[in-house]
Amino acid sequence: MKLITLSLLIALSFVFCSHQKLKSGIDPQAFNKSLNGATAKLFTLKNKNGLELSITNYGGRIVSLMVPDRSGKFEDVVLGYSSLDGYLNGNEQYFGAAIGRYGNRIAKGGFKLDDVNYKIAVNNGPNALHGGIKGFSMKVWDAKQNSDQELELTMVSPDMDEGYPGMLKVMIVYRLTDQNEVSIYYSASTNKPTVINLTNHSYFNLHGAGNKDILDHVLMINADHFTPVDPTLIPTGKLEPVKGTPFDFTTPATVGSRINDKHEQLTFGLGYDHNFVLNKEKDQKISLAASVYDPISGRFMQVFTNEPGVQFYCGNFLKGKEIGKENKPYGFRSALCLETQHFPDSPNHPEFPSVVLRPGQIYSSACMYKFSVK
Ligand code: BGC
């Protein structure tokens, strides 16, 4: 009798536990945590084609994204950790994160706006990166799951948060559509003039996270120019033509084909870590920024945005120390990021498209990652 009860209990707990796990293998319970009085959780979106997207309101992070290959086999195509503790203690701070208030770098952590000098934390060599020490990627957002396919995150960032002026009300809406699009809409308003540049920092590997590097991924970037940088990765202010350089991805080319060319900009970035100036038709809002194709799995990802730029970063700072989901190490160039954005250090470059947001204006940014197979 005891034995029957015991085996029943084991069977029940197995059913219960396995039921909890997502298609990606993630256990949502591993994301339940109270942080400074706020509750972090994992939310799951699903579409009719079986795609599954999980997002935690800790930093608005995309944790997993299950996408089929050409034979219908699903893999998780984004890097990340399998628990909230992973995100709190991991080496890489930005896996999948919502980045703000200012995605990318601001030179020497300072800028002038309306004749006032502002100082923000320097957290990347001599510069400020991705919103500071406790940027939006480190905060617990208020979350509302509107449906199986939509999650809404909101936050009020107080005046002088991380040194940025103005109380900012921010909203991010994530949608997983039946057209296999992961769309991310950002909106914000402020009560004082400020600067803003929001983006998502997903690290993609279309072979599946942790499976192999991305040097064979075929990349297209719809940009005739990029913004060259100094050795600390701050734009010089020039818009340089990509033609005849390893930065020309107007015709699709593998990430690895020219990454070891002798080019000063590749030395500075340890590879690609640059902002591209997107080609736009006049008054064009959302347009194709980039596409990535994995010839092995057939997975194809297109990136659309209304932003003027995209940062192409190919995991040059990953070193295999980051142990991610399913205990897989993430090695050198094992993923790529395509971060839709305004140009780096725009607050110090009046010649770049403006990142200033004033009271009464609505900031609005869109990024869409669309998946298919070829
Ligand atoms: C930057 C890289 C940086 C990475 C951190 C990218 O957006 O361009 O230089 O190392 O973020 O995750």
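The preceding data block contains the structure.
As the structure is a prediction and not an experimental result, all values here were calculated from the model. (Residues numbered from 1 in each chain as written. Predicted model: local features only at pLDDT ≥ 70, side-chain atom pairs only at ≥ 80, totals over all residues. Heavy atoms only, no water.)

S.K.: Help me understand the site of the ligand in this model?
M.R.: As a matter of local geometry, the ligand sits amid Glu92, Tyr94, Arg105, His130, His201, Tyr203, Asp273, Gln311, Tyr313, Phe317 and Glu339. Glu92 is positioned such that a nitrogen or oxygen atom in its side chain is 3.0 Å from an oxygen atom of the ligand. Between the ligand and Arg105 there is a distance of 2.7 Å, counted from an oxygen atom to a side-chain nitrogen or oxygen. For the ligand, whose free accessible area comes to 310 Å², the fraction covered by protein is 95%. Taking a 2 Å distance to the grid points as the criterion, the majority of the atoms of the ligand fall inside the largest pocket. The residue makeup of the shell around the ligand, split by class, is four nonpolar, three polar and four charged. (Near = heavy atom within 4 Å. Polar contact = N/O pair within 3.5 Å; in protein donor to acceptor, adjacent residues only side chain to side chain. Areas by Shrake-Rupley, 256 points an atom, 1.4 Å probe, with all protein chains shown as cover. 1 Å grid on protein atoms, 1.4 Å probe; cavity = no way out; pocket = protein on both sides within 12 Å on 5 of 7 lines; lining within 4 Å. Sits in = over half its atoms within 2 Å of the grid points. Nonpolar A, V, L, I, M, F, W, Y, C, P; charged D, E, K, R; others polar.)

S.K.: Looking at this structure, I do not really get the state of the cysteines. What am I missing?
M.R.: Joining two cysteines, a disulfide is a covalent bond between their sulfur atoms. In this structure the tally under the stated criterion is zero disulfides. Here Cys314 is not cross-linked by a disulfide; its sulfur's nearest cysteine counterpart is in Cys337, at 9.2 Å. No disulfide involves Cys367; its sulfur sits 11 Å from the nearest other cysteine sulfur, which is in Cys337. (Disulfide = S-S within 2.5 Å.)

S.K.: So what exactly am I meant to see when it comes to empty space enclosed by the protein here?
M.R.: The rolling of a water-molecule-sized probe over the atoms marks out the regions of remaining empty space. Taken as a whole, this structure holds two cavities of 30 Å³ or more when the rule is applied. Roughly 40 Å³ of volume is contained in the largest cavity. For the largest cavity, the full set of lining residues is Asn104, Arg105, Thr227, Val229, Leu233, Asp273, His274, Asn275, Gln311 and Pro344. For the lining of the largest cavity, the element with the highest residue contribution is strand E22 (residues 273-277), accounting for three residues. The computed volume of the second largest cavity comes to approximately 30 Å³. Lining the second largest cavity, in full, are Gly100, Arg101, Gly131, Lys134, Gly135, Phe136, Lys139, Ser157, Asp161, Glu162 and Tyr164. For the lining of the second largest cavity, the residue count by class is two nonpolar, four polar and five charged. (Points joined across faces, edges and corners; volume = space filled by probe spheres on them. Helix = DSSP H or I, 4+ residues; strand = E, 2+ residues; numbered from the N terminus.)

S.K.: For this particular structure, what's the right way to read the layout of surface pockets?
M.R.: Here the largest pocket is characterised by a volume of approximately 450 Å³. Along the wall of the largest pocket there are 23 residues; nearest its centre are Glu92, Tyr94, Leu129, Tyr313 and Phe317. Tallied by class, residues from the lining of the largest pocket come to seven nonpolar, nine polar and seven charged.

What is shown is where atoms sit, not what they do.
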